[in-house]
Each structure stands twice: as structure tokens, then as C-alpha cells.
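Report on the structure
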Amino acid sequence: MEHVPPPAEELARLDRELAELDARRAQLLTRRAWLLAALRPPAPTAAPGWNPSGWGAPAAGRPGAPAQPWGHVPPKQPSAPRSAQNVLLTLGGLLLTVAAIAFTLVSWGSMGIGGRSAVLAAVTVGALAAPVVLLRRGLTATAEALAALALVLTLLDAYAVHAVAAPDADGLGFTAVAAAVLAALWTAYGLALGKLHLPLPAAVVLAQWPLLFGAWAAGAPALVVGWALLATAVLDGAIALWGKGTGARVTACLGGSVMAFSALMVGLTLSVTASGPLGALAPGVLLLTAAAAALAGAWRAPRGFARAGGAVAGLAVVAAVGGVPAAVVPEGWRVLAYLLVGLAPAAVVRARLPRNAAIGVLVASAAVVAGALVGALPGLAAVLLGPVTLLSDVWSGSPEGFRSAVGSTLPWSELAATPVVLALVAGLLGAAYRWWPSLARIAAPLIAREEPGSGTGPTGAPGTGTPEAGGAAAPGVSGAPWYAGGAPAARRRPSGAALRGAAGAGAAVLGWGALLLSGAVLDVPYAVAVAGETLLVAGLLALAVRGAGSGRDGSAAVPVTALVVALAAAVSTGLLSLACEGASYAVFGALTALFAGAAVRAGAGVPRAVFAVAATVGGTVLSGFAGRSLGLAPHEAAPLVLLVPALTVLFGARLRRNPVALPVELTGALGALVAVALAVPDAPFLALVLALCGVLAAGAAVRPERRPVAGYLAAALFVLATWVRLAASEVSFPEAYTLPVTVPALVVGFLRRRKDPEASSWTAYGPGLAATLLPSLAVAWTDPDWQRPLLLGVAALVITLLGARYRLQALLLLGGAVLALDGLHELAPYVVQVAGALPRWLPPALAGLLLLVVGATYEQRLRDARRLKDALGRMR
């Protein structure tokens, strides 16, 4: 008879067998992958030229040595003592260099001309010839050290020739000739001894100076110096692209970057400071030549360098072409000339440029636009933040114009072109938002284009268009472009909808800024400025309402941005209107109506709640204005401010569970806090305002969803209003007023507890006890007699004992707290006397002893605290 295991045992056995099969399968797949890698033919050697992978780690996907089989542990390789050898060679070369310098500078004068020439020639020739022999014997490190010594000796030879053979020659001119000769010598030497790493980079460094020092020696103007720098940079670029050896290419890249930057700075400075359009032409030619050189280098460079070259070319073209009209127009309009020229490079999306170079040109165009927009920030900040100064002088009278209301000292005449710049960029962004599909089709060739030679070179080779070279992936591999969605790149780049939304949002912000700055530049009258800003708020609200609830993708960027800008514009407009009483009522009334209307028209969601909150704030400000217009003191105007919180309570009762109700009621509560703050200087009005707030809280507590919070708040406000009223009336026996309230409250609480034993003691007895204990405690702390503290202490003790006996939390805590504070008040004078009589070292010693005791029994104290907490929690 066959044994059938139970289902649980059979399931466990199947799981174990499946796990073993999975482990075996993974081991076999690993072994198979290693065998495939071992059988793969070796990668072909890359042709000489630019190799991006030579600058760092091998590119992703590049074939290399096969992985070791699974479980293989590589053996430990013996380490060669190369570090010690390099240290010894470095020290030896350094000592020889120091000796050569000392001989040239110190011992040179003690020898004749023949001896000097023979010594230097022999030592230099020997230092140059020694690496040839050392390389044949495989002593590469020693050969490198002697080559470094030979480099120093050739420099000393040049110095010696100048000091002896041509002492009257110009220093800069001789240095230029010597640098050219030494650069040629070391280039030939490095090409002849290809195994040495030092000669070719040294030749590149020496090649940086002949043209520059030659121009300086000839006293050439700055433009010629710029051409010399540019020619040197072009030479460096050629070496970086086609030079031999990584060290020479890296050195040429660094030197070319410095020289090109210097040439561009020279050309830009001459173009900006030109006295007229003819004076800007010559620097423009220099900049255009630099742009052509940068673009030619970007054509063959890898991704990062190609984009940098394209960006440099674009900026150079903008500086060259824009400098001619900028030299004609007034100073405030130069930024517009550069902006108009800076928009032209965007046409490269249709040009047959390499993808990365074209992207760099587009980045340059975007940088020019961003720079023009940054120039508008001071004016916008002055217009938006300037009205803040009116808070210190409200309703002082209408200013003469917009600029005087803003109170800024900016040179507005130099900002004349700023509104035009903002309007132009806003128009372009708006057009992009309107015709985004057409723009995407135009840009599709740039985005999907591969680099020249795609599909013919090895992986990562320059110009292949592979990711390693910075090109775009083939359409057949990656599918649709990223802006169309669905491609893997779409997870890393923003979607087309997001970009379109950003363009629309930027158009809205810049258009608002252009209109806002136009008023300041033109210095329109104050009334026109206030009315214009109010109309701008209305337009922004219309745009926000129109697109509210359009979704969470990029299409929601425009309404959200319009909403944020509308709020900022409303704050700025409200501050601007504070200069005149009539303008204040008109602006805040209009803003309240606009936001209320927007809340009605907007769909459900966050925008509708924001609109409603803004309308509530506007109404609160209007109620404060009414008190000021009536000539009321701040505390006298506090009850008027409570009108808007009262309306919010009614509004919340009408909406009930609508999502807008809670934000509106919270805003009304903040308005009530403002009213309380206004009434603080006058105690009777403060009591009145607190009582009115209690009424509003009680009205909100009628609704079941607000009762848990509003009910307690109403009780606390009523009690606080009573105390403030008693204090304001200078009542010395508050018990005469509080006991008639406490006794009925305790009776009602007792009946509630009899009917519902599970009711909380805080609900049943807390308000009644607090109504008498807390005012009496406050008076007892200022009472010099002993009768009141004694009676209060006895009453608190009785209440505490009753709370402990019947396990009532409110009685225990309230009674214990009042008893402790009352006892502290009575013992305080004696404690002070005793503390004064004790030695000064005793209190710190007692504190330290207490800390030691607590630390030693820390765990026990924690358990006691937890038991106390649990005991209190079990009370009602």
C-alpha cells in the first residue's frame, strides 16, 4: 500500500524541490554566460583619434574580458614595488634639477663662454639621449625621470642663451621665440620616443605662449591679442581631436578652454565698449570666428564637449551680431538687441547640425533669454514689494504717480526696455503653448536625429549616435521620441504635456509682469495704476477659473500658476491701495467680489477653497477699514471685525460637509483671533469680544461634525470672558460670582453621571470646578492674607480625595494641581529664606545627588510612571 503524505508535508517537499531546481538553473545560466563570453572574438582595436572611453571608465556595453565562472576566486597577485621606485626616481630627478638650476644661477659666472656652452650642451644632449637607451632596456620610469630633467635643462638653455648671446633682446619676444622652438623640439622628441608620456604634454604647454607673448612684445592692440588667443585655442582644439596620446589631448583640451575663454572675453569686452557700430564690427568678426571654431570642434567631439561647443558658439554669435545694434540704441535698450539676436539660434532645429551641437546652441539661446529675464527682476521686485512701505502710513493721501507710490529709487529710464522684453518672451511662450503640436513636429528631427555615421562604428565611437557618444538612440530601438510618451527616456524627461504647461505658465507670469512694469516705467497716475492692477487680478482669476480642475498633468500648470500669481498680485494691489481711503475700499471690495465669484464659478477642489479663503480675508480687512473710518480705537473696532467670522459660521452651517466649509471657517477663526488681539489693551472690550467668540463657537457646536472641538472651545471662551470681566471690574471676591455658576454646573454633571456612568468626568465636572478654582487660585496668589489660601487649599484637598475615592480624573487632576500651586505659594517665602541661609555649594550637591538617585533607579521610575499613566487612563 502506497503511503500518501499529508497535504502540508507534501507542499513543503514540493517547495524544497522547486527551490533546488531554481538554484541549479541559475548556476547553469551563469556558466553558459561565461562560456559565451569566452568564445566571443576580441574587440577590434579602436582607430587613432578621439576616444571618449579613454578619458575614464569603459563605456557601458563595451566588450571586455569575460567574467569568471560562478564560484571562481581570483588568486592573489604579487604586488610590484612600483611606489618605492617612483619615489626614488622623483627624488633623484628633483635633486638633479636643483643642481642644474644652482649651477646656472651661481656657478655660471666662473666659467668662460666655451665652458658654459660645452657644459650645458653636453648635459642637455646626455639627458636627451639617455631615455633612448633606457627605453630599449625596458626602464621606462627611469627614462621618464631623465626626460623631465631634460625638459628643465632645455628651459635653462633658453635662459642661458638669452643671458649670454642676446642680453639686449626683448624679454617677451625672446620668450615667444624660445617657446616656439622648444615646442617644436619636444614635439619631435615625443613623436620619436612614443613610449614617453611627458614630452608631448610639455610641448602642448609650451605651444600656448608663442603667439600671445609675440603679440605683447609687438605692442599689439587688444584685438590682435584676442586673435592670438583664438589661434592658440584652435591649435589646441586640433591637438585635442587628432593628437597622439591621452596626456597631450587632455592638456590641449584644458589649454584650449582657457585660451578660448580669454579670447571670447577680449572680444566681448571690445564689443560692449565699442563707441559705435563700426567699432563693434572688428570684435564681432573675432567672436564669429570663435563661434565657427567651436562649432567645428563640436561636430566631432563626444556628447558633453559637443554640447559645450555648441553653447559657446551660440553665445559668441549672439555677442558678435548683437553688439552692432547695441552700440546704436540707448543703454536701456541694449538688452532687447541682444535678446532679439539670441532668439535667432533657435532656428538650428531645422539645420543639419549634429544633435548635441544643436542642443548646445539651443542652450545658448535659452541662456540669453534667461539673462534678459533676470535683468527684469529688480524692477518687478520694486513694484511688488515697494507698497509695503505704505503700512506705516495708511491713508496718508494719494501719491502723484505710480513710482512715488512704490517708493523705489531705481533708475527707471534704464529699465525702459524691460516691459518689452517680458512681453516678447511671454508672446513666444504663449505661441509655443498655442501651437505646441506644430512645434513638436518641427523639433522632432533634432530630437530623433542620430549623429553622422550611425550604425557604422563600434559602440561608443565618436559620431555613432549611440548613448556613449551622446547621440540619440535609433527609432527602431527606442520607439517613439520622449515627447510623444511611451519611450524609456520619458521616465527621465518631462512629458510633452508638462513642457507645454510650463510654457503656458511662463507666458502668464511674464505677461503679467510686463503689464505691471509698464505702469512703473511710464509712471502712470496712481488711480490708473490701482485700477490696472485690479484688472490684472481679474484676468488672472479668469484664467485660473477657466482651467481649474483640468487634471493633474501638465495642463494644470497654467491655472495653478495663474492662481498663485493672482494671490501675489492681490496682495500687492491691496498694499498699493492703502495710500488712499477710497482706493482701499474700492480695491478690497473688488478683490472680495472677484474671489467670491471665482469660488462660485470654480469646480470643487483646492482652487475653490483658496478662492473662498481669499474672499474671507478680504471681507475681514473691509470690516477693519470700517472701524477706522468711524474713528474707533482698535479695541472698539474689534466687535466689527467679528462680523466676518459670524458670517463664516452661518456659511459653514449652510454648506455643512462641503470641502470648502472647513477652510472658510478656519479663516473666520483667524479673523476672530485678530479681533481678540485688537481688544487686548482694554479689558472690558476683551471680555466682550471673548464672549462674542464664545457665542460663535457655540453656534458652530450646534452642528454634530463641529461639536467635539467647538463645544469645548465655547465653554473655555465663556469662562475666560467671565474671568476677564471680573478682573476688569476689580472684583476681590470672585467666588460670589463663580459659585452660583459652579454649583448648578456640578449638579447637572452629577445627574449626567447618574444617567450615563461612562460619561467623562471632564465633561460632567470639569467646567464647573474650573469656573471657581482657577479664578480663586489667581486671586489667592496676590492675596496677602491667609484665609483665602487656607480655604482654597482645604477645598482642593477635598476635591482631590473625592477624585481618588471615586476614580474621577477631572477631580483628581484639577484638585491636585490647585492644591500644589496653593501650597507652593504659601511655602515660597520660607523656601527663599532657607535657600538664602544654605551654603552656595549645597543646592548643586543636592541636585547632583538627586540625579544620581534617579539615574540609579531609572527603570523603576519609568515603570512607576507607566503605572501612574495607566491608572489615570482607567479613570473616567
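Residues numbered from 1 in each chain as written. Predicted model: local features only at pLDDT ≥ 70, side-chain atom pairs only at ≥ 80, totals over all residues. Heavy atoms only, no water.

1. Describing the overall build of the protein
For the protein, the count of helices and strands is 35 helices and zero strands. Across the protein, the fraction of contacts at a sequence separation of at least 24, relative to all contacts at a separation of at least 6, is 69%. When the accessible surface of the protein is split by element, carbon and sulfur atoms take 71% of a total near 47800 Å². (Helix = DSSP H or I, 4+ residues; strand = E, 2+ residues; numbered from the N terminus. Contact = heavy atoms within 4.5 Å. Areas by Shrake-Rupley, 256 points an atom, 1.4 Å probe, with all protein chains shown as cover.)

2. Topic: the nonpolar core
Where a protein is soluble and globular, its nonpolar side chains tend to be buried together. Within the largest apolar cluster, 61 residues are counted, with the highest numbers of intra-cluster contacts made by Phe402, Trp412, Phe595 and Phe611. Once residues within four sequence positions are removed from consideration, phenylalanine 595 is found in contact with Leu541, Ala566, Leu567, Ala570, Phe611, Ala614 and Ala615. Of all hydrophobic cores here, the second largest spans 23 residues; its members include Leu128, Leu149, Leu156 and Ala207. (Core = buried A, V, L, I, M, F, W, Y, C linked by side-chain atoms within 4.5 Å. Buried < 20%, exposed > 50% of the residue type's maximum accessible area, 1.4 Å probe, protein only.)

3. Some remarks on a nonpolar patch on the surface
Nonpolar side chains collect at one region of the surface, where Trp786, Leu790, Val794, Val798, Leu802 and Tyr806 lie side by side and expose about 610 Å² of accessible area between them. Structurally, valine 794 is set in helix H32 (residues 787–806). (Patch = residues over 30% accessible without salt bridge, like charges linked within 9 Å, V, L, I, M, F, W, Y side chains within 5 Å. Salt bridge = Lys/Arg side-chain N within 4 Å of Asp/Glu carboxyl O.)

4. So, unusual backbone geometry
Not every positive phi belongs to a glycine, and aspartate 523 is a case in point at roughly 55 degrees. Of note, aspartate 523 is situated in the loop between helix H19 (496–522) and helix H20 (526–547). With a phi angle near 55 degrees, arginine 807 is a residue other than glycine that sits in the positive phi range. Inspection of the secondary structure assignment puts arginine 807 in the loop between H32 and helix H33 (809–837). For arginine 807, a relative accessible area of 42% puts it in the partly exposed group.

5. Topic: the layout of surface pockets
The calculated volume of the second largest pocket comes to roughly 980 Å³. Considering the residues around the second largest pocket, the lining is formed by 38 residues, among which Gly256, Ala260, Ala294, Gly309 and Val312 are closest to the centre. Breaking the lining of the second largest pocket down by element, the ones donating at least two residues are helix H8 (222–242), helix H9 (246–272), helix H10 (277–300) and helix H11 (303–326). In terms of residue class, the lining of the second largest pocket is built from 32 nonpolar, five polar and one charged. (1 Å grid on protein atoms, 1.4 Å probe; cavity = no way out; pocket = protein on both sides within 12 Å on 5 of 7 lines; lining within 4 Å. Points joined across faces, edges and corners; volume = space filled by probe spheres on them. Nonpolar A, V, L, I, M, F, W, Y, C, P; charged D, E, K, R; others polar.)

6. What to know about H10
The terminal C-alpha atoms of H10, which comprises 24 residues, lie 35 Å apart, in line with the 34 Å expected from a rise of 1.5 Å per residue. Of all the bends in H10, the greatest measures close to 30 degrees and is centred on proline 283. Residues of H10 that are buried include every one of Ala280, Pro283, Gly284, Leu286, Leu287, Ala290, Ala291, Ala294 and Ala298, and no others. Looking at the buried side of H10, the elements it contacts are H8, H9, H11 and helix H13 (355–374). (Expected span 1.5 Å × (residues − 1). Bend = angle between axes of the 7 residues up to and from the residue.)

7. A few points about the side chain of glutamate 665
Position of glutamate 665 among the secondary structure elements: in helix H26 (residues 661–679). Judged by its relative accessible area of 12%, glutamate 665 falls in the buried class. With residues near it in sequence (within four places) discarded, glutamate 665 still touches Thr648, Gly652, Arg703 and Arg706.

8. Quick look at the packing of helix H24 (residues 634–641) against helix H27 (residues 683–701)
Contact geometry of H24 with H27 gives a least axis separation of 10 Å together with a crossing angle of 10 degrees. With respect to H27, the axis of H24 lies roughly parallel. Between H24, through His635, Glu636, Ala638 and Pro639, and H27, the contact on the second element is made entirely by Phe685, Leu688, Val689 and Leu692. Residue classes in the contact of H24 with H27 are distributed as six nonpolar, one polar and one charged. (Axes fitted to C-alpha atoms, helices over the stretch in contact; angles between N-to-C directions. Parallel < 35°, antiparallel > 145°, perpendicular 65-115°, else oblique.)

9. Looking at the pattern of salt bridges
One pass over the full model with this rule turns up four salt bridges. Between arginine 703 and glutamate 665 there is a salt bridge, and its shortest N-O distance comes to 2.9 Å. You can see arginine 703 sitting in the loop between H27 and helix H28 (707–728) and its partner glutamate 665 sitting in helix H26, a full 38 residues away along the chain. Assigned by exposure class, arginine 703 and glutamate 665 land together as buried. A salt bridge links glutamate 665 to arginine 706; the shortest N-O distance between them is 3.0 Å.

10. Thoughts on H28
With 22 residues, H28 ought to run about 32 Å at 1.5 Å a step, and its terminal C-alpha atoms sit 31 Å apart, in line with that. For H28, every residue scored as buried is listed here: Ala710, Ala714, Leu717, Ala721, Val724 and Leu726. With its phi angle positive at about 55 degrees, glutamate 730 sits one or two positions after the end of H28.

11. A word on the packing of helix H25 (residues 643–655) against H27
Close contact between H25 and H27 brings their axes to 10 Å; oriented N to C, the two are set at 5 degrees. The angle between H25 and H27 falls in the class roughly parallel. Residues Pro645, Ala646 and Val649 of H25 lie in contact with H27, whose contacting residues are Leu696, Gly699 and Ala700. For the contact of H25 with H27, the residue count by class is five nonpolar, one polar and no charged.

12. Here's the deal with the confidence of the model for the protein
With 82% of its residues at a pLDDT of 70 or more, the protein has an overall mean of 79. Low pLDDT, under 50, characterises residues 44–82; the predicted model gives this stretch 32 contacts beyond four residues in sequence or across chains. Scored below 50 in pLDDT, residues 449–491 makes 79 contacts in the model with residues more than four places away or belonging to other chains. (pLDDT = per-residue confidence, 0-100.)

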